[in-house]
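Geometric and topological summary
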Amino acid sequence: MPFFSVIIPLYNKEKHIILTLNSVLSQSFTNYEVIIVNDGSTDNSLSLTEQTIDNRIRVFNQENKGVSEARNFAMQQATGNYFAFLDADDIWKGNHLENLYQLIIKHPNCGLYCANYIFNYGNYTVNTKFSSLPKQQNWKGIVTDFFAASMSYRIALTSAVAIPAKTISDIGFFDTNFTSGQDTDYWTRIALRKSVAFSKEVSVMYNAIATNRISNITASDRKFMTFEKFATEEKNNLSLKKFNDMYRAELAIKHKLIGDSTTFLYYKQSITNTNLSFTNKILLILPSSILKTLWRLKQFIKANFYKLKSH
């Protein structure tokens, strides 16, 4: 029985899947299987995947149902003791599974294991910072307050986490009602009931400029996470409420940008204003025309950061 089942949902990632798979097959920790679910790709993703020969890889095909359905199906096929998730355009460093393995051995009773990561923007990278965690460079340990620690950068990035296989009997699967935020929803459900361990050792590169990334799809094309299921917990967990309010503000701003006032108000009305940063408070009250200008400026800076920095 493999220690890890590596779960990769695949949809139209022909430009990235080979590099992603090579990063898995280059792991120093080798006791794993790879479950790839092709979610109705219409490009060459599947044929490229099938050219990668390794007896640890199993490929399944389904009609396009979305990333949550693909992950859920993969979890049902998996035989490993732990499920390690990887998006088909992200890259694992060679130490990633070893990083998670050492974290599991050190803290065997957690429900969620998270490794550190960096953002890759092509010409430059951005490091994370978790100010509430111990200062040691490669600290590994239990996160005292998962939600407070996730306010600047998320403790749980999907391509950098693993969960025990038994989690699905305790927590269930990814919520298929959402096409955006379903991973945040899942990690929240786990963190409310289980301990979370984190390794500050960086072992994942998140591809922030990948094509066909869910975060690049316009708001009108997506079914966003809702928060009603956490209403009771929010009353007793101030960190959760603040974390969710930060996300509510982000979603409200996205819908204001596209002129969807109904959905904007749906998210905004549930926010406790004191939970927001000064910046988000201002963005929520700005006219949509100014928001759009600021958004275009932000995209320009992201795309040209390396050039701007070098001058």
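Relevant structure appears above.
Reference entry: report on the structure contained in this document. All residue numbers refer to positions counted from 1 along the written sequence of the respective chain. In keeping with the predicted nature of the model, local features appear solely for residues at pLDDT of at least 70, side-chain atom pairs appear and are counted solely at 80 or more, and the whole-chain, interface and lining totals rest on all residues. Where side-chain values are given, they derive from all heavy atoms of the structure, hydrogens and water being excluded.

**With respect to the overall build of the protein**
- Looking only at helices and strands, one finds twelve helices and ten strands in the protein.
- The C-alpha atoms of the protein give 19 Å as radius of gyration, which agrees with the globular expectation for 311 residues (19 Å, within 12%).
- Principal axes of the C-alpha set define a box for the protein whose edges measure 55 × 45 × 40 Å.
- Three exposure classes are used, based on accessible area relative to the maximum for each residue type with a 1.4 Å probe and protein chains only: buried under 20%, partly exposed in between, and exposed over 50%. Taking all 311 residues of the protein together, the buried fraction comes to 50%.
- In the structure as shown, the protein presents an accessible area of about 15,000 Å², 52% of it carried by carbon and sulfur atoms. For the purposes of this entry, the term helix denotes a DSSP run of H or I that reaches at least four residues, the term strand denotes a run of E that reaches at least two, and both are numbered from the N terminus. Both definitions apply: the radius of gyration is a C-alpha atom measure, and the globule rule equals 2.2 Å times residues to the power 0.38. Each accessible area is a Shrake-Rupley result for a 1.4 Å probe, and residues are judged covered by the shown protein chains and nothing else.

**Comments concerning the packing of helix α9 (residues 238-257) against helix α11 (residues 278-285)**
- Axis definition: a line fitted to C-alpha atoms, over the contacting stretch in the case of helices. Angles run 0 to 180 degrees between N-to-C directions. Two elements in contact, α9 and α11, have axes separated by 10 Å at closest approach and are oriented at 30°. Put simply, α9 runs roughly parallel to α11. In this structure, α9 crosses over α11, and the sense of that crossing is left-handed. The segment α9 lies against α11, with Ala249, Ala252, Ile253 and Lys256 engaging Asn280, Leu283, Leu284 and Ile285. For classification purposes, angles smaller than 35 degrees are called roughly parallel, those larger than 145 roughly antiparallel, those between 65 and 115 roughly perpendicular, and all remaining angles oblique. Crossings are assigned a handedness: left-handed for a near helix turned anticlockwise from the far helix by less than a right angle, right-handed for a clockwise turn. By definition in these notes, contact holds between two residues if any of their heavy atoms fall within 4.5 Å.

**Things to note about the nonpolar core**
- Nonpolar cores are built from buried Ala, Val, Leu, Ile, Met, Phe, Trp, Tyr and Cys residues. Side-chain atoms within 4.5 Å join them into one set. Counting 86 residues, the largest nonpolar core has Phe4, Ile8, Leu112, Ile155 and Trp187 as its most contacted members.
- A total of nine residues in this core trace back to one element, the largest contributor, which is α9.

**Observations concerning the environment of valine 37**
- For valine 37, the location among the structural elements is in strand β2 (residues 32-39).
- Looking at valine 37, the relative accessible area reads 0%, which means it is buried.
- Separated by 34 residues in sequence, valine 37 and arginine 71 place their C-alpha atoms 7.5 Å apart.
- Setting aside residues up to four positions removed in sequence, valine 37 forms contacts with Ile8, Pro9, Leu10, Phe60, Gln62, Ala70, Phe73 and Ala74.

**What to know about the side chain of asparagine 244**
- Relative to the elements of secondary structure, asparagine 244 occurs in helix α9.
- We classify asparagine 244 as buried; its relative accessible area is 0%.
- Engagement of the side chain of asparagine 244 in a polar contact is seen with the side chain of glutamate 234, the distance being 2.8 Å.
- Residues within four places of asparagine 244 in sequence aside, it is in contact with Phe227, Phe230 and Glu234. Within 3.5 Å is the distance limit for a polar contact, defined as a pair of N or O atoms, with the added protein rule that one can donate a hydrogen and the other accept it, and that residues adjacent in sequence qualify only through two side-chain atoms.

**What about helix α7 (residues 182-191)?**
- Most of α7 sits inside the fold, with nine of its ten residues counted as buried.
- Those residues of α7 that fall on the buried side of the exposure criterion are Gln182, Thr184, Asp185, Tyr186, Trp187, Thr188, Arg189, Ile190 and Ala191.

**Quick word on helix α4 (residues 96-106)**
- Regarding α4, the residues found buried are His96, Leu97, Asn99, Leu100, Leu103 and Ile104. One side of α4 holds all its buried residues, which, seen down the axis, span an arc of 155°. Arc definition: directions from the helix axis to the C-beta atoms.

**Some remarks on the pattern of salt bridges**
- Within this document, salt bridges are pairs made up of a side-chain nitrogen of Lys or Arg and a carboxyl oxygen of Asp or Glu, the two lying within 4 Å of each other. Under the criterion given, the structure shown has twelve salt bridges.
- Across the salt bridge formed by aspartate 170 and lysine 194, the nearest N and O atoms sit 3.2 Å from each other. One end of the pair, aspartate 170, is in helix α6 (residues 167-170); the other, lysine 194, is in the loop between α7 and β10 (196-207), and 24 residues separate them in sequence.
- Note on lysine 194: relative accessible area 30%, which makes it partly exposed.

**Re the packing of aromatic side chains**
- Classification of ring pairs rests on two measures: the distance between centres of Phe, Tyr or Trp rings, Trp counted by its six-membered ring, which must be within 6.5 Å, and the angle between planes, read as stacked under 30 degrees, edge-to-face over 60 and tilted in between. According to the stated counting rule, one finds 25 aromatic pairs in the structure shown.
- Between phenylalanine 3 and phenylalanine 29, the ring centres sit 5.9 Å apart and the planes meet at 65°, which makes this aromatic pair edge-to-face. Here phenylalanine 3, found in the segment before β1 (4-10), pairs with phenylalanine 29, found in the loop between α1 (17-25) and β2; they are 26 residues apart in sequence, far enough to count as distant. Summarising the burial analysis for this pair, phenylalanine 3 and phenylalanine 29 share the class buried.
- On the basis of an interplanar angle of 65° and a centroid distance of 5.0 Å, the ring pair of phenylalanine 130 and phenylalanine 198 is categorised as edge-to-face. Here phenylalanine 130 is found in the loop between β7 (125-127) and β8 (140-142), whereas its partner phenylalanine 198 is found in strand β10, with 68 residues between them in sequence.
- Given the relative accessible area of 0%, phenylalanine 198 is considered buried.
- An aromatic cluster of three or more residues is present, and its members are Phe3, Phe4, Phe29, Tyr82, Tyr101 and Tyr113.
- Two thresholds decide whether a charge sits over a ring: the Lys NZ or Arg CZ must be within 6 Å of the ring centre and within 35 degrees of the ring normal. Geometry around tyrosine 247 places arginine 154 over its ring, the cationic atom sitting 5.2 Å from the centre.

**Details of the pairing of β1**
- Burial runs high along β1: seven of the seven residues are buried.
- Side chains Phe4, Val6, Ile8 and Leu10 of β1 all project onto a buried face; the interleaved residues Ser5, Ile7 and Pro9 project onto the opposite face, where all are buried too.
- Paired strands, as defined in this entry, are two strands with at least two bridges between them according to DSSP. With seven bridges connecting them, β1 and β2 associate as parallel partners. Considered in β2, the bridge of isoleucine 8 is made with isoleucine 36.
- The β-α-β motif built from β1, the intervening α1 and the parallel element β2 has right-handed crossover chirality.
- Where β1 and strand β4 (residues 82-85) come together, four bridges link them in parallel fashion. If you follow valine 6 over to β4, its bridge partner there is alanine 84. Look down the strands so they point away from you; if the path from the first strand over the helix to the second goes clockwise, the crossover is right-handed.

Without other data, these values stay purely geometric and don't point to any function.
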